[in-house]
Amino acid sequence: MRHRRADVDEVLAYHRVLDRMDAHVYDAGHFLLETHAAECATLMRSFVLDNM
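Residues numbered from 1 in each chain as written. Predicted model: local features only at pLDDT ≥ 70, side-chain atom pairs only at ≥ 80, totals over all residues. Heavy atoms only, no water.

### Structural notes on the overall build of the protein chain
And step 1. Within the protein chain one finds three helices and zero strands.
And step 2. Reading the secondary structure of the protein chain in the N-to-C direction produces α-α-α.
And step 3. Relative to its 52 residues, the protein chain shows a buried fraction of 4%.
And step 4. Total accessible area computed for the protein chain in this model is approximately 5100 Å², and 57% of it derives from carbon and sulfur atoms. (Helix = DSSP H or I, 4+ residues; strand = E, 2+ residues; numbered from the N terminus. Buried < 20%, exposed > 50% of the residue type's maximum accessible area, 1.4 Å probe, protein only. Areas by Shrake-Rupley, 256 points an atom, 1.4 Å probe, with all protein chains shown as cover.)

Structure, rendered in structure tokens:
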């Protein structure tokens, strides 16, 4: 089964509904953490600290 690629329009729809949302969209597929682990970790850490 092929996985459906995330659509930027879906992300924008969340922005219209939610009062506050941070989104970072990468065209990286399933290997994002293997190729950009440090950048992802920085974004996730910031998100967690900002929402505690």
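### Here we look at the pattern of salt bridges
Side-chain pairing between opposite charges can occur once the charged atoms of the two side chains come close.
And step 1. One pass over the full model with this rule turns up one salt bridge.
And step 2. Here Asp-22 makes a salt bridge to Arg-20, at a shortest N to O gap of 3.9 Å.
And step 3. Classification of Arg-20 as exposed rests on a relative accessible area of 54%. (Salt bridge = Lys/Arg side-chain N within 4 Å of Asp/Glu carboxyl O.)

### A few points about the confidence of the model for the protein chain
Reading predicted coordinates in detail is not appropriate for stretches of low pLDDT.
And step 1. Per-residue confidence for the protein chain averages 81 on the pLDDT scale, and 88% of its residues sit at or above 70.
And step 2. The secondary structure element of the protein chain with the lowest average pLDDT is helix 1 (residues 8–17), at 85, and the one with the highest is helix 3 (residues 37–50), at 91. (pLDDT = per-residue confidence, 0-100.)

### Let's talk about the environment of Cys-40
And step 1. Looking at the element boundaries, Cys-40 is found in helix 3.
And step 2. Cys-40 sits in the buried class, given a relative accessible area of 7%.
And step 3. Considering only alpha carbons, one finds Cys-40 and His-24, 16 residues apart in sequence, at a separation of 9.3 Å.
And step 4. Leaving out residues up to four positions away in the same chain, Cys-40 has contacts with Leu-32 and Leu-33. (Contact = heavy atoms within 4.5 Å.)

### Comments concerning a nonpolar patch on the surface
And step 1. On the surface, Phe-47, Val-48, Leu-49 and Met-52 cluster together into a nonpolar patch covering about 450 Å² of accessible area.
And step 2. One can find Leu-49 in helix 3.
And step 3. Since its relative accessible area comes to 45%, Leu-49 is described here as partly exposed. (Patch = residues over 30% accessible without salt bridge, like charges linked within 9 Å, V, L, I, M, F, W, Y side chains within 5 Å.)

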